[in-house]
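# A look at the structure
Take a look at the letters that make up each chain.
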Amino acid sequence: MNTFAKSLLLTVGLAFGFSASAADQLNNTKWTTYNDNGTPDAVLKFSESNGKLSAKIVEILDPRAKDKKVCDKCKGKFKNKPLTGATVLWDLEPDANDPNKYVNGSGIEPETGRTFSGKAELQGDTLKLRGYKGISLIGKTRVLKRR
């Protein structure tokens, strides 16, 4: 095997290892979400598959939503699906330039039924999730706390 081929294999291997370890930081972790008033909304559990992260609602904390069992405002495949167990974030990928950042994700806000593009940044026990339509500048950041 020539030097170029060895170099290429090493680079690909390192990139794959870096990507997997970045996703592992959130894999099987639980996070509390908060609404605009700072009140806990729900608990999300992150999982990794093929280097991409997703998050499901595992517990609803907001007393206003305790009796709400399904996503009645959602559209398409999310319409009238149970909230507990619902995947609300998907396809978040580790940023190749920063092991604490995640990009190219998508999500749905069950309260409004709106879908969004998303990215996230891990800062210790805080995860800043940025949801937006179109460009990130026009969006909303939610702060999640590790449980």
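Residues numbered from 1 in each chain as written. Predicted model: local features only at pLDDT ≥ 70, side-chain atom pairs only at ≥ 80, totals over all residues. Heavy atoms only, no water.

### Digging into the pairing of strand β3 (residues 52-60)
Note the following rule: Think of it this way: DSSP has to see at least two bridges between two strands before they count as a pair. In DSSP terms, a helix is any run of H or I states spanning at least four residues, a strand is any run of E spanning at least two, and both are numbered starting from the N terminus.
Here strand β2 (residues 40-49) runs beside β3; their pairing, made up of eight bridges, is antiparallel. Residue pairing for β3: L44 is matched across the bridge by I57. Here β2 folds back onto β3, and the loop between the two strands holds two residues, one of which, N50, carries a positive phi near 55°. Here three bridges tie β3 to strand β4 (residues 87-95), and the two strands are oriented antiparallel to one another. Across the sheet, K56 pairs through a bridge with T87, a residue of β4.

### With respect to unusual backbone geometry
Despite not being glycine, N28 has its phi angle at roughly 60°, a positive value. Here N28 is to be found in the loop between α1 (3-24) and β1 (30-34). Unlike most non-glycine residues, N80 shows phi in positive territory, near 60°. Relative to the helices and strands, N80 resides in the loop between β3 and β4.

### Overview of a nonpolar patch on the surface
Our working rule: Note that patches include only residues with greater than 30% relative accessible area and no salt bridge, and the join distances are 9 Å for like charges and 5 Å for nonpolar side chains (Val, Leu, Ile, Met, Phe, Trp, Tyr). Per-residue and other accessible areas follow the Shrake-Rupley method at a 1.4 Å probe size, with only the shown protein chains counted as cover for residues. Every case where a carboxyl oxygen of Asp or Glu lies within 4 Å of a side-chain nitrogen of Lys or Arg is listed as a salt bridge. Partly exposed describes any residue whose relative accessible area lies between the buried limit of under 20% and the exposed limit of over 50%, with all areas from a 1.4 Å probe on protein chains only and scaled to the type maximum.
Nonpolar side chains collect at one region of the surface, where I135, L137 and I138 lie side by side and expose about 360 Å² of accessible area between them. Along the chain, the position of I138 falls in the loop between β7 (126-132) and β8 (139-146). By relative accessible area, I138 is classed as exposed at 59%.

### Notes on the state of the cysteines
Rules: By definition, disulfides here are pairs of cysteine sulfur atoms that lie within 2.5 Å.
Applying the stated criterion across every chain yields a total of one disulfide. The side chain of C71 participates in a disulfide bridge whose partner is C74; the two sulfur atoms lie 1.6 Å from each other. The sign of the 45° torsion about the S-S bond sets the C71-C74 disulfide as right-handed. Here C74 falls in the buried class, since its relative accessible area comes to 2%.

### Some remarks on the packing of aromatic side chains
The criterion, for reference: Each Phe, Tyr or Trp ring, with Trp reduced to its six-membered ring, pairs with another whose centre is within 6.5 Å; inter-plane angles below 30 degrees give stacked pairs, above 60 give edge-to-face pairs, and intermediate values give tilted ones.
Evaluation of the coordinates by the stated rule reveals one aromatic pair. Here the aromatic rings of F78 and W90 are separated by 5.4 Å at their centres, their planes lie at 25°, and the arrangement is stacked. Of this pair, F78 sits in the loop between β3 and β4 while W90 sits in strand β4, and the two are 12 residues apart along the sequence.

### Regarding the environment of L144
Quick reminder of the rule: Here, two residues are considered to be in contact whenever any of their heavy atoms come within 4.5 Å of each other.
The topology assignment puts L144 in strand β8. Once you skip the residues sitting within four places of it in the chain, L144 turns out to touch W31, T32, T33, L44, F46, D125, T126, L127 and L129.

### Things to note about the pattern of salt bridges
Counting across every chain of the model gives seven salt bridges. For the salt bridge of D62 with R64, the shortest nitrogen-to-oxygen distance reads 2.6 Å. The class of D62 is buried, set by a relative accessible area of 6%. Taken together, the salt bridges that share partners define one network made up of D36, E109, K140 and R142.

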